Every structure is written in structure tokens, then in C-alpha cells.
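Take a look at the letters that make up each chain.
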Amino acid sequence: MELVQYQDYEEYKKAMNTVLNRTVEDFVMTGYLLKQGRDTDILKNSGYNNVNEFAWEEYKLEATQVSRYIRINDRFSEGGYSPRLQEHYKGFGYAKLALMLTLPESVAEELTPAYSKSEIQAVKEEIESEEKITDIEVILEGEKEEQRDLNNLEKAINQICMEDPELYMKLHGTVRTSVGTEPIKDVLAPDGDKLYSVRPQGCGRIMLYLNDEKDEVILQVVRQSLKERYAWSDILGYLVLITEQEDAKKNWEDLFGQQYPEKEQIAPVQPKKEKRKESKVVKAKPPKAQKQEKEKPIELPNDIPGQTEIEKDFPEMLPEAGRTPEIRSDFIRAGQHEEENCTSAMPEPVEIVEKPVDNSEQMEENTRNTEAGANSEPVDKSEEEQNPAGSNRWEYMKTMESYKMALYMAASVKEMPHMMLNSAEYWKEWLETEVNENGEEISK
């Protein structure tokens, strides 16, 4: 077999691109042929009922693969129904096109073959990130006063300069010492292509596509699927306005109302690291991102029945660090305050006749303690007197603090039939059930 010898890297890369492009063309052609089998009667005398059956029996192509071939043709072929790839998408390669299927067409059409697969993946992540944020959340962010009267391009440039002070410093020096748009192209898009994704407060994600070979820049407001076109001179005009002071750092501080962040000096003895190639995609910073300190795990009392299940299924019941535990509002009837003991939240009737045992004096004393507040000092009785074995659940619960009572009820609710939760008779029987000193039901 004759081996092909390549003179240099450029010749080798050209050969590789030719093969990859041919593969993509073949992929588009395959999608076109499958569409012919789907949309015409070409399979009439083949013995196959449809194109999926034909593709599987003849080529072991599953229905999902057939669908992918067809979608590639729909999206990237000329006119959406052709054996030929659109001119704009030549040079991407199959892997990139397959990934670009997941992008909105308005985004994919602005990318160029210069974007790597990982950079296209980063664009995809930016789109998906914005989709997770609701319109209400964006409105609640509220626009910044200094950005309110800016157009979308000016908002984007303002946000870029605020998030990247070093880039602002470069632009400040370039704008004040040069003429025309070419110098700022070198700063904003040093590798020719650059995509800035930013989230001006109260506006949502804006994607700014820059290409130093084009006279215009493309801006897309993702949430509105709005695409605007500007000239490089529009960017320069706004940069002139925000670089008017001679002192670049003071200019940045006055513009954004915060102290310029100084980078830590690296000791000269450290070896200089090799500079990595910058990505063509600059991701947006999340709004009001704050570093949250890791809180210590909350310790619960170890004498609550079903405690493990409570921690797992009722995390909202856990008290916040440094705060007195409170009962959730949905455990409290309308018109009552959360500070009230949850005995007042029990369904009526609350007066339950148990056994003809004369313990009214003890009940009155416990009731006074309960009404005085969940956090008051417990009655000075022995544990055996407070939680007598064989008493009913109502008597057992009245010896608890409000938070423990809520946790005990939450654990019990999980085991109750859903249709019985609104039944007063069911709750009455539940309260009258005999329990042991641990609150566990006594088997009869």
C-alpha cells in the first residue's frame, strides 16, 4: 500500500479537513436518502413497511439514529431538504454539528468553525443555565440605576468591564492612545472570534458575538430570542464615554462604585507558568454570587421516634443556626401566631375524656406550663411521673416542648393513610391511643 507523504503541517491539516468535511457531507447525504425513504413510495416493492424498518434490517440503524441523520439534514442542509451541506456549516465536522443540534438555530448560525467542541459545549451550558431562571426571578433582580438608560450593547459592554477590571484597563489605555476600531478588536477578540456571555441585572443573559473580520457585531438577548446588529464603532463610542478620566483605576472605581481589586503579587522565585490559550467563550457570572460558609450539621435530640426519617424527609423542620426552633406555619391554624404552642394547633375537639382517673390536678399544671411557652422550664417531676407508662398519646405529647411535639407529629403523619388526615374521628382515636414512655404505640 502506498503511503502518502505530507510536506508540512498545513498540507496535513488541509487533508484532514477534506476528509472530515466529506464525512459530514456523507452524513447529510444519508439523512437526505432516509427522508426520501420516509416521504416517497420508493420502498413500496421492498417488503419494508417504513424507513425505520428498512434502515434496521439493511444497515442495523436504530430509529434514534435514523432520526438523528434526518435532523442533521433538516438543520444543516441547503434549504433543509438537500444532499448538500450549507456553506456556512462547512468546516465544522460531524462532532461539532451533532452538538450544535442542541443549540437554538439563532445561536448556532453565529458560530464559526474556529470554535472548538468544548467551546460550543460552553455555549450550550450558558443557554441551559438561563433556561433554569424564571422571568419572575429576572424581574425581581431589578435593573441597576447606572444601566437603566443604556441600550443592550452598552449594558453588555458595561457588564463586561465591571466583571473584568483587567480587560477594562487594557481598553482604557487602547481607547486613549489609538484611533479607530482595529485596536479595540485586538483587545476584545484577540483570536479573531470571541463570544461574551453576560447577565446585566434585571435583563437576563446577553450574548455578544465578535469577529474581527466582520464590520458588525451581533448581540442576542437570550430570553427574548432578540437579535440586534451593531457596528464596531458603536462599541468604540461607548468606550470613549467610560474612559474619560486619565487615571484608569479611579475611572473604574467611579464608574462602578467599588474599589479596584488588586491582584496578589507573585514571588519572583516562582517559575513562570506557561500561558494557556484563552477560550473564545467568556461565561457570565451569576448575579449577586456570594460565597456561602459551610454550616455545622445540626444536632437533633436522640430520643425522638422516627428521627432519621424526619431529618431526611422534613429538612425544612430543622432549626437554623443560632435560632430558636419554630413550628412550620403549615402546622398552625389560620389566625394563630407561630409562637403559640402547637397544642393550640391540634384539631378539635381537644378535650378528650380518657379513663376515670383523677389526674385533673396534674393536667391543669401541665396545661399552664404549655400555655406559658414552649421554651419554659419543665415541671419539676420525675421522668416516670411526666411520662407514665400506659398513658395515652395526648398525655405523652403534653409533656414535650413544642419543637419536639412537631417532630413527633411529622414522623407519625408519614405512616397515616392520606385520606384520613382530615378526619377528626381518626385524629381523636390517634390521640387516645395508649403509648409507652417512648411514645410508641402499645400493641394490644
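Cut-offs used in this document
Residues numbered from 1 in each chain as written. Predicted model: local features only at pLDDT ≥ 70, side-chain atom pairs only at ≥ 80, totals over all residues. Heavy atoms only, no water. Helix = DSSP H or I, 4+ residues; strand = E, 2+ residues; numbered from the N terminus. Buried < 20%, exposed > 50% of the residue type's maximum accessible area, 1.4 Å probe, protein only. Contact = heavy atoms within 4.5 Å. Areas by Shrake-Rupley, 256 points an atom, 1.4 Å probe, with all protein chains shown as cover. Pairing = 2+ DSSP bridges. Expected span 1.5 Å × (residues − 1). Polar contact = N/O pair within 3.5 Å; in protein donor to acceptor, adjacent residues only side chain to side chain. pLDDT = per-residue confidence, 0-100. 1 Å grid on protein atoms, 1.4 Å probe; cavity = no way out; pocket = protein on both sides within 12 Å on 5 of 7 lines; lining within 4 Å. Points joined across faces, edges and corners; volume = space filled by probe spheres on them. Nonpolar A, V, L, I, M, F, W, Y, C, P; charged D, E, K, R; others polar. Salt bridge = Lys/Arg side-chain N within 4 Å of Asp/Glu carboxyl O. Phe/Tyr/Trp six-rings, centres within 6.5 Å; stacked < 30°, edge-to-face > 60°.

When its secondary structure is counted, the protein shows 18 helices and five strands. Across the 444 residues of the protein, 37% fall into the buried class. Considering only contacts in the protein between residues 6 or more positions apart, those separated by 24 or more positions represent 56%. Within the structure as shown, the protein displays about 28,500 Å² of accessible surface, and the carbon and sulfur contribution to it stands at 48%.

For the rest of this paragraph, the subject is the side chain of Ser197. For Ser197, the position within the fold is in strand 1 (residues 193–198). Since its relative accessible area comes to 1%, Ser197 is described here as buried. Those residues within four positions of Ser197 in sequence are excluded, and the remaining contacts are Glu126, Arg205, Ile206, Met207, Val282, Lys283 and Ala284.

Another aspect to go through is the sheet that holds strand 3 (residues 216–221). Strand order in the open sheet made by the five strands is 4-3-2-1-5, with mixed pairing throughout. Looking at strand neighbours, the two that pair on one side only are strand 4 (226–231) and strand 5 (281–282), the edges of this open sheet. Direction of pairing for strand 1 relative to strand 2 (residues 206–211): antiparallel, over a ladder of six bridges. Looking at the pairing, Lys194 lines up with Leu210 of strand 2.

Position of Asn438 relative to the elements: it lies in the segment after helix 18 (424–432). On the accessibility criterion, Asn438 (42% relative accessible area) is partly exposed. Separated by 42 residues in sequence, Asn438 and Tyr396 have C-alpha atoms that sit 8.7 Å apart.

Taking 1.5 Å per residue, twelve residues should reach 16 Å; helix 8 (residues 152–163) reaches 17 Å between its end C-alpha atoms and fits that length. Of all twelve residues in helix 8, eleven are buried, a share of seventy percent or more. Listed as buried for helix 8 are Asn152, Leu153, Lys155, Ala156, Ile157, Asn158, Gln159, Ile160, Cys161, Met162 and Glu163. Where helix 8 starts, the residue carrying a side-chain oxygen 3.1 Å from the main-chain nitrogen of Leu153 turns out to be Asn151.

Overall, the predicted model of the protein reaches an average pLDDT of 76, with 68% of residues at or above 70. Note on residues 289–357: pLDDT under 50 across the span, and 85 contacts to partners over four residues away in sequence or across chains. Contacts of residues 372–386 to residues separated by more than four positions or lying in other chains number 13 contacts, the stretch itself having pLDDT below 50.

A full pass over the atoms with the stated rule returns two cavities of 30 Å³ or more. As a volume, the largest cavity reaches approximately 80 Å³. Lining the largest cavity, in full, are Glu110, Thr112, Tyr115, Asp193, Tyr209, Leu210, Asn211, Lys214, Glu216 and Ile218. Secondary-structure elements contributing two or more residues to the lining of the largest cavity are strand 2 and strand 3. Here the element with the most residues in the lining of the largest cavity is strand 2; it accounts for three residues. Here the residues of the lining of the largest cavity are counted per class, giving four nonpolar, two polar and four charged.

Let us look at the pattern of salt bridges. Evaluation of the coordinates by the stated rule reveals 22 salt bridges. Glu110 is the salt-bridge partner of Lys227, the closest N and O atoms lying 3.0 Å from each other. With Lys227 in strand 4 and Glu110 in the loop between helix 5 (105–108) and helix 6 (117–131), the pair connects residues that are 117 residues apart, well separated along the chain. When its relative accessible area of 23% is taken as the criterion, Lys227 is described as partly exposed. Judged by relative accessible area, Glu110 falls into the buried class, the value being 11%. Connected through shared salt-bridge partners, Glu126, Glu130, Asp135, Glu141, Arg199, Arg205 and Arg223 make up one network.

For strand 3, the buried fraction is high: five of the six residues fall into the buried class. Across four bridges, strand 2 lies against strand 3 in antiparallel orientation. Bridging from a neighbouring strand, Leu208 pairs with Leu219 of strand 3. The antiparallel hairpin formed by strand 2 and strand 3 contains four residues in its connecting segment. Note that strand 3 and strand 4 share six bridges and pair antiparallel. Across the sheet, Val217 pairs through a bridge with Tyr230, a residue of strand 4.

Right, let's get into the pairing of strand 1. Among the six residues that make up strand 1, six are buried, leaving the element largely enclosed by the rest of the structure. Every second residue of strand 1 is oriented toward a common face, with Asp193, Leu195 and Ser197 on one face and Lys194, Tyr196 and Val198 on the other, all of them buried. Bridge count for strand 1 against strand 5 is two bridges, and the pairing is parallel. Along strand 5, the bridge assignment pairs Leu195 with Val281.

On to the packing of aromatic side chains. Following the criterion strictly, the structure yields eight aromatic pairs and no others. Arranged with centres 5.7 Å apart and planes meeting at 80°, the rings of Phe54 and Tyr59 form a pair that is edge-to-face. Ring plane angle 55° and centroid distance 5.3 Å describe the contact between Trp252 and Phe256, whose orientation is recorded as tilted. Of this pair, Trp252 and Phe256 both sit in helix 12 (residues 248–256), four residues apart, which is roughly one turn of the helix. In this structure Phe256 comes out as buried when scored by relative accessible area, which is 8%. By the ring-pair criterion, three or more aromatic residues cluster together here, those being Tyr48, Phe54 and Tyr59.

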